[in-house]
Amino acid sequence: MRFINPIPFVRDISRSKEFYRDILGIKVLKDFGDFVLFETGFAIHAGSSLERTVWRKASKSEESYGRRNLLLYFEHDDVEAAFENIARHVELIHPIERQAWGQRVFRFYDPDGHAIEVGEPQDLGGLHGS
């Protein structure tokens, strides 16, 4: 068995696709309407559609899918440039900070309230330190 990727539920697939494509700069590989796969293997799925697929019914809730219990981690070769391009478009959790393990990262929320971390590349043997 091998892990492939997380698939966050999103309320508005168009808004989220534009966010990840235009703000974070991740290229769309395939757009299936309710499911969008990006170049890095990252994917998003329209929540109501995925709820029907997994649980056989969509929830009636309109609350954000982000629950502050998951951090989506991305790396960028130039973390300062990424911060300058992204920060004005998002709700920041914090600006670039050096973490205890030495890596510099910044964190913010996507349109559904999922926490996102963008860090400079760091060789952690395939593991992330946060």
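Source: prediction; values computed, not measured.

Moving on, we come to the pattern of salt bridges. Taken as a whole, this structure holds 7 salt bridges when the rule is applied. Linking Asp22 and Arg21 is a salt bridge whose minimum nitrogen-to-oxygen distance equals 2.7 Å. For Glu63, the salt bridge goes to Arg67, with nearest N and O atoms at 3.9 Å. A relative accessible area of 47% places Glu63 in the partly exposed class. Residue Arg67 is classed as partly exposed on the basis of its relative accessible area of 44%. Connected via shared salt-bridge partners are Glu80, Arg104 and Glu120.

Turning to the pairing of strand E6 (residues 91-98), a few remarks are in order. Direction of pairing for E6 relative to strand E7 (residues 104-109): antiparallel, over a ladder of 5 bridges. Bridging from a neighbouring strand, His94 pairs with Arg107 of E7. Once E6 ends, the chain turns through 5 residues before running back antiparallel as E7, passing Gly102 with a positive phi of about 100 degrees.

Here 4 strands make up an open sheet; going across it, the order is E1-E4-E3-E2 and the pairing mixed. A single partner strand is all that each edge strand has here, and the edge strands are strand E1 (9-10) and strand E2 (28-31). In this structure, E2 lies alongside strand E3 (residues 35-38), joined through 3 bridges in antiparallel fashion. The residue of E3 that forms the bridge with Val28 is Phe38. Strands in contact with helix H2 (residues 47-55) are E1 and strand E4 (43-46); relative to E4, the strand with the most contacts, it is inclined by about 85 degrees.

Moving on, we come to the side chain of Ser16. One can find Ser16 in helix H1 (residues 13-23). Residue Ser16 is classed as buried on the basis of its relative accessible area, which comes to 0%. Each residue touching Ser16, except ones within four places of it in the same chain, is listed here: Val10, Ile44 and Asp112.

For the rest of this paragraph, the subject is the sheet that holds strand E5 (residues 71-75). Taking strand neighbours across the sheet as the criterion, the 4 strands line up as E5-E8-E7-E6 in an open arrangement whose pairing is mixed. The sheet is open, and its two edges are formed by E5 and E6, each paired on a single side. With strand direction ignored, the average angle separating the axes of adjacent strands in the sheet is 15 degrees. Helix H3 (residues 79-86) rests against E6, E7 and strand E8 (115-119) of the sheet, and its axis sits at about 20 degrees to E7.

We now examine the nonpolar core. Formed by 23 residues in total, the largest nonpolar core has its most connected members in Tyr20, Leu24, Ile44, Phe74, Phe106, Phe108 and Ile116. Broken down by secondary-structure element, the contributors of at least two residues to this core are H1, E3, E4, E5, H3, E7 and E8. Residue contributions to this core peak at 4 residues, all from H3.

With that out of the way, let us pick up the layout of surface pockets. Roughly 250 Å³ of volume is contained in the largest pocket. Surrounding the largest pocket, Asn5, Pro6, Thr40, Gly41, Phe42, Leu70, Leu71, Leu72, Tyr73, Phe74 and Glu75 form its lining. Its residues assigned to classes, the lining of the largest pocket shows 7 nonpolar, 3 polar and 1 charged. Considered as a void within the structure, the second largest pocket measures approximately 180 Å³ in volume. As for the second largest pocket, its lining consists of Leu24, Gly25, Ile26, Lys27, Glu39, Thr40, Phe74, Glu75, His76, Ala82, Ile86 and Val118. Breaking the lining of the second largest pocket down by element, the ones donating at least two residues are E5 and H3.

Basis of the calculations
- Residues numbered from 1 in each chain as written.
- Predicted model: local features only at pLDDT ≥ 70, side-chain atom pairs only at ≥ 80, totals over all residues.
- Heavy atoms only, no water.
- Salt bridge = Lys/Arg side-chain N within 4 Å of Asp/Glu carboxyl O.
- Buried < 20%, exposed > 50% of the residue type's maximum accessible area, 1.4 Å probe, protein only.
- Pairing = 2+ DSSP bridges.
- Helix = DSSP H or I, 4+ residues; strand = E, 2+ residues; numbered from the N terminus.
- Contact = heavy atoms within 4.5 Å.
- Axes fitted to C-alpha atoms, helices over the stretch in contact; angles between N-to-C directions.
- Core = buried A, V, L, I, M, F, W, Y, C linked by side-chain atoms within 4.5 Å.
- 1 Å grid on protein atoms, 1.4 Å probe; cavity = no way out; pocket = protein on both sides within 12 Å on 5 of 7 lines; lining within 4 Å.
- Points joined across faces, edges and corners; volume = space filled by probe spheres on them.
- Nonpolar A, V, L, I, M, F, W, Y, C, P; charged D, E, K, R; others polar.

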